[in-house]
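Chains, contacts and geometry: an overview
Chain by chain, the residues run as shown.
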Amino acid sequence: MSLSSLLLVFLLCTVGVVNSASTPQTKIGNGYRLISIEESPDGGLVGHLLVNQNNKIYGPDIAHLQLFVKHETPDRLRVYITDADKPRWEVPYNLLPREKPPALKQTIGRSRKSPITVTEYSGSELIFSYTTDPFGFAVRRKSNGQTLFNSSSDKSDPFGNLVFKDQYLEISTKLPKDASLYGLGENTQPHGIKLYPNDPYTLFTTDKSAINLNADLYGSHPVYMDLRNVGGKPYSHAVLLLNSNGMDVFYKGTSLTYKVIGGVFDFYFFPGPTPLGLVDQYTSFIGRPAPMPYWSLGFHQCRWGYRNLSVVEDVVENYKKAQIPLDVIWNDDDHMDGHKDFTLNPNNYPRPKLLAFLDKIHSIGMKYIVLIDPGIAVNSSYGVYQRGIADDVFIKYEGEPYLAQVWPGAVYFPDFLNPKTVSWWGDEISRFHELVPVDGLWIDMNEASNFCLGKCKIPVGKQCPNGTGPGWVCCLDCKNITKTRWDDPPYKINASGIQAPLGYNTIATSAEHYNGVLEYDAHSLYGFSQTIATHKALQGLQGKRPFILTRATYVGSGQYAAHWTGDNQGTWENLRYSISTMLNFGIFGVPMVGSDICGFYPQPTEELCNRWIEVGAFYPFSRDHANFYSPRQELYQWESVAQSARNALGMRYKLLPYLYTLTYEAHVSGAPIARPIFFSFPSYTESYGLSTQFLLGSSLMVSPVLEQGKSEVKALFPPGTWYSLFDMTQTITSKGGFYVTLDAPLHVVNVHLYQNTILPMQQGGLLSKEARKTPFSLIVTFPAGVSDGEAKGNLFLDDDELPEMKLGNGYSTYIDFYATVAKGKVKVWSGVQESKFALDKGLYIEKITVLGLDGSGKPSALEVDGTPVTGASNIEVSTTEQNVLEEVEDGGNKVKTLMVEIKGLSLAVGKNFAISWNMGLKG
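Described in the following lines is the structure provided in the data block. These numbers come from a predicted model, not from an experiment.

**Concerning the overall build of the chain**
- Along the backbone of the chain there are 14 helices and 53 strands.
- At 29 Å, the chain has a C-alpha radius of gyration in line with the 29 Å of a compact globule built from 923 residues.
- With respect to the three principal axes, the spread of C-alpha positions in the chain is 90 × 75 × 50 Å.
- By the burial criterion, 64% of the 923 residues in the chain qualify as buried.
- Sequence separation of 24 or more characterises 71% of the internal contacts of the chain that already satisfy a separation of 6 or more.
- Element-wise, carbon and sulfur atoms account for 49% of the exposed surface of the chain, whose accessible area totals about 32,100 Å².
- Taking the average location of the 80 positive side-chain charges in the chain and that of its 91 negative ones, the two points are 3 Å from each other.

**Comments concerning the state of the cysteines**
- The full count for this structure, using the stated rule, is four disulfides.
- The disulfide partner of Cys456 is Cys478, and the gap between their sulfur atoms is 2.1 Å. Torsion about the S-S bond of the Cys456 and Cys478 cystine: about 110 degrees, corresponding to right-handed handedness. Placement of Cys456 in strand β27 (residues 455-457) and of Cys478 in strand β28 (residues 477-479) is noted, with a sequence separation of 22 residues between them.

**With respect to the pairing of strand β25 (residues 409-412)**
- Taken together, the two bridges between strand β21 (residues 376-377) and β25 define a ladder with antiparallel strand orientation. Directly across from Ala377, in β25, lies its bridge partner Val411.
- As paired strands, strand β24 (residues 403-406) and β25 are joined by four bridges and run antiparallel to one another. Bridging across to β25, Ala404 finds its partner in Val411.

**Things to note about the layout of surface pockets**
- Reported here for the largest pocket is a volume of approximately 910 Å³.
- Residue lining of the largest pocket: 42 residues in total, with Trp89, Glu90, Pro92, Val517 and Asp521 positioned closest to the centre.
- When residues of the lining of the largest pocket are traced back to their parent elements, those giving at least two are α6 (419-435), α7 (519-522) and α8 (526-539).
- Of the residues assigned to the lining of the largest pocket, the class counts are 24 nonpolar, nine polar and nine charged.

**Some details on the sheet that holds β24**
- Ordered in space as β21-β25-β24, the three strands form an open sheet in which the pairing is antiparallel. Single-partner strands in this sheet number two, and they are β21 and β24.

**A word on the packing of aromatic side chains**
- Summed over the entire model, instances satisfying the criterion amount to 60 aromatic pairs.
- Where Phe678 meets Phe679, the ring centres are 5.4 Å apart and the plane angle is 40 degrees; that geometry is what we call tilted.
- An aromatic cluster is built from Phe128, Tyr130, Phe135, Phe137, Phe149, Phe164, Tyr258, Phe265, Phe267 and Phe269, whose rings are joined through pairwise contacts.
- Its end group placed over the ring of Trp442, Arg623 keeps NZ or CZ at 4.5 Å from the ring centre.
- Above the plane of the ring of Trp564 lies Arg623, whose end atom (NZ or CZ) is 5.4 Å from the centre.

**Regarding unusual backbone geometry**
- Residue Asp133 is joined to Pro134 through a cis peptide bond whose omega torsion reads -5 degrees.
- With respect to the secondary-structure elements, Pro134 resides in the loop between β6 (126-132) and β7 (135-141).
- Cis geometry marks the peptide bond from Gly185 to Glu186; its omega dihedral reads 15 degrees.
- Mapped onto the elements of the fold, Glu186 is located in the loop between β11 (180-185) and β12 (200-203).

**Section: helix α9 (residues 572-587)**
- Within α9, 14 of the 16 residues are buried, leaving the element largely enclosed by the surrounding structure.
- Among the residues trailing α9, Gly589 stands out with phi positive, at a value near 85 degrees.

**Points about the side chain of Asn345**
- Relative to the helices and strands, Asn345 is located in the loop between β19 (328-331) and α4 (351-364).
- Asn345 has contacts with Asp334, His335, Met336, Asp337 and Pro350, leaving out every residue within four places of it along the chain.

**Some remarks on the pattern of salt bridges**
- Taken as a whole, this structure holds 38 salt bridges when the rule is applied.
- The residue Asp226 makes a salt bridge to Arg228 at a minimum N-O spacing of 2.9 Å. For the pair formed by Asp226 and Arg228, the shared burial category is buried.
- The network of salt bridges with common partners includes Glu72, Arg76, Arg78, Glu90, Arg98 and Asp266.

**Some details on the packing of α9 against helix α10 (residues 606-616)**
- Running from N to C, α9 and α10 cross one another at 5 degrees; their axes reach a closest spacing of 10 Å. By the angle between their directions, the pair α9 and α10 is classed as roughly parallel. Between α9 and α10, the residues in contact are Trp572, Asn574, Leu575 and Ile579 and Glu607, Leu608, Arg611, Trp612 and Val615, respectively.
- Of the residues assigned to the contact of α9 with α10, the class counts are six nonpolar, one polar and two charged.

**Structural notes on the nonpolar core**
- Core analysis: the largest hydrophobic core is formed by 185 residues, its most contacted members being Leu240, Ile329, Phe413, Phe618, Leu635, Phe694 and Leu696.
- Setting aside residues up to four positions removed in sequence, Ile329 forms contacts with Gln301, Tyr306, Val312, Val315, Val316, Phe357, Ile361, Met366, Lys367, Tyr368 and Ile369.
- By size, the runner-up hydrophobic cluster in this structure holds 45 residues, among which are Leu65, Val69, Phe135 and Leu169.

**Here's the deal with empty space enclosed by the protein**
- Within this structure, the stated rule accounts for seven cavities of 30 Å³ or more.
- The space that makes up the largest cavity amounts to roughly 90 Å³.
- Around the largest cavity, the lining residues are Glu186, Asn187, Thr188, Ala210, Leu217, Thr565, Asn568, Asn574, Tyr577, Ser578, Thr581 and Ser595.
- Looking at the second largest cavity, its volume works out to about 80 Å³.
- Contributing to the lining of the second largest cavity are 14 residues, with Thr206, Asp207, Ser496, Tyr504 and Asn505 lying nearest its centre.
- Class assignment for the residues of the lining of the second largest cavity results in seven nonpolar, six polar and one charged.

Calculation criteria
Residues numbered from 1 in each chain as written. Predicted model: local features only at pLDDT ≥ 70, side-chain atom pairs only at ≥ 80, totals over all residues. Heavy atoms only, no water. Helix = DSSP H or I, 4+ residues; strand = E, 2+ residues; numbered from the N terminus. Rg over C-alpha atoms; globule rule 2.2 N^0.38 Å. Buried < 20%, exposed > 50% of the residue type's maximum accessible area, 1.4 Å probe, protein only. Contact = heavy atoms within 4.5 Å. Areas by Shrake-Rupley, 256 points an atom, 1.4 Å probe, with all protein chains shown as cover. Lys, Arg positive; Asp, Glu negative; His and termini not counted. Charge placed at Lys NZ, Arg CZ, Asp CG, Glu CD. Disulfide = S-S within 2.5 Å. Pairing = 2+ DSSP bridges. 1 Å grid on protein atoms, 1.4 Å probe; cavity = no way out; pocket = protein on both sides within 12 Å on 5 of 7 lines; lining within 4 Å. Points joined across faces, edges and corners; volume = space filled by probe spheres on them. Nonpolar A, V, L, I, M, F, W, Y, C, P; charged D, E, K, R; others polar. Phe/Tyr/Trp six-rings, centres within 6.5 Å; stacked < 30°, edge-to-face > 60°. Lys NZ or Arg CZ within 6 Å of the ring centre and 35° of its normal. Salt bridge = Lys/Arg side-chain N within 4 Å of Asp/Glu carboxyl O. Axes fitted to C-alpha atoms, helices over the stretch in contact; angles between N-to-C directions. Parallel < 35°, antiparallel > 145°, perpendicular 65-115°, else oblique. Core = buried A, V, L, I, M, F, W, Y, C linked by side-chain atoms within 4.5 Å.

Written out as structure tokens, the structure reads:
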């Protein structure tokens, strides 16, 4: 919940956007020369660099640099450059655990002399090479020699050589024109998921709403993926610059330049070459995505403005009456007493009535989540504040807690880099949980957001805020802080899209954290450090799996939390933008992500809300959320939207076992839940920029309507066979891929399942707890009409309240499903690991549907676990001819396919099974 960013919207209108990425680049200095290099004891390289010619642009150069290079694993190369004489700020190793580089050497040049020719340092997948004067380095792929990164500058290049000053670091790389780049967020990208040359990419966490295009938003993820098609073969790699300082990244199409205002160059290169393998390598380093409770995949309803408990009770009841699934009900800050964290409003949310409500919804499996902002109200009668002061947990300015303003009025910000703060925060969460047994926490405004600017004090003789008008107008007495180089650095990043002061609507960058760490350096880590502290606190409560939703994110946040894309608008453009942002966060290692369905503000139209739930029902994190000042927009407010919700969410709830299995895959391998189409079709260049469709997992494609007044959608179908999930008789197939115009009346969303897949589904319901108990069905897809084919799928089941999500603990089961068709015989079978959990739950498969079988046959000789099925059995077999839309070359024959459905089965999910039949010729 944040409207402070509206102030910035007005400011943008008055001053205009400064597109610093479109300004000419100036070459600064003559770089460095490598004067020594040697092998380090751990098998890496340690070198020393000297500046070629000092200059004063953006401050003096740091004369001596230390270089460290190491192949840390077979699929990760690190290149680290820092001041050789004294330590510099870098991302704390306790926040993001990783190897430490060698200690700094106090003497320069005593190692053996470096050869003057290019030298190579080879690993399993990547080769590091360098030139000595001016120093530059390159990273190449070992398998084909392709250059992935090259920092050397020629006279013809638009960029210069390495620059390393205290508050200005610059380095660049050449890029081929045909490279497709993704990442560098968080921002709202109007051109889609691919990075667009000359668009600004600034990384500095801000409370700036997602309606603002090409601006630094709530998260900082200085990583990009580079996808290239070389002679028809795809190769992808990723580059992470692990640095938390503010930065501009200039992508020019044939080059990319980093301009960073502090810290070190700490590069990590990941070779891929597949996009999925790449995210596996990346999350292996930054941390695997957090395990999610099953209920978190259900539908969530929230609103800023549920003024009292009776309104919340009515919302839950109205969803039930409308027969729309709902798993989680949320409160923004309406439950709080005077907007103060960890409190209850005694009049609007009296504790006895709230506890009775929670008992009621918990008894049926529903959950309840509330919001917490980081700002702690300055109030001498407020226990949270008192204990925070006693433990000295707040960020300081000139030795005193830094005063800011958020919703309660005057606040102090906890310093989550301080171990005492982490303990205090955990204690406050524990106290609150005893007051209200919430099921998760929503941490908002944690960029951190501040309604004021500079050094402030509480005004004398007036109430602040006064209770009238918008709560985001600064009412403290404040003075700008410009006296330090931290508040007014020599290089101005394009902060907030307008080169705003770094302290604009946030903590003054000269404020100090624990051990003297400057906000200037640690700013973009604030939400990340709060997320880690919150996760630690929740893990200690009742031994359950935590659920945290955070707005501000950094590299590694996905290990602890889910993310929503912040304050969006109820417009068609924002609906489209939400897909690209969601897909980017899958690449960032934060796969549990979604946008506010129907828009945070202002009121969406009825048609837009219809279409948005048809997209949002397939977000990994699916929540309707609205602004205090917007009309109500719960899905039952319009009957037409309720119908679309029943349809789309009805399918989501049938897909819950598949979605939950995807969260397991994300947890063990980093695989995004929602993926760009090119993740499964990296050779298909037509999909590289596709931002209006997406995959769930490897095989389920969503092709929504994203434009007003449309009753059809033009969708790209990559090569192969696709089956409509809502009507499995409808088939689309091609050899080379093609666009198809699909019917999409108001209540229809097109979802298609790809060939060679086995999709586990259940029967759905209004609650995930109930849906999880229903019988399973399997959808098996072969390429249309193929005589020899195979399909695979899997299913993960566990006790989703356990903190860990893994096999081997006695409370989980993993099943591989297989199917083949060969010589007229169809076979479907399973292989079960850790069967006990599934058997204890009594789960069984009731139906198997096989799609794409040769239309010239019919099923016979059905066997289940080797036993022939007789007429006395309850098992029913039916066949339906499928309608095939095919891209047929002139003279080609249209394929004919059948759907075979076997019902009345009772196959235990936790036990290996095998079912087979013949597809003989029709009589």
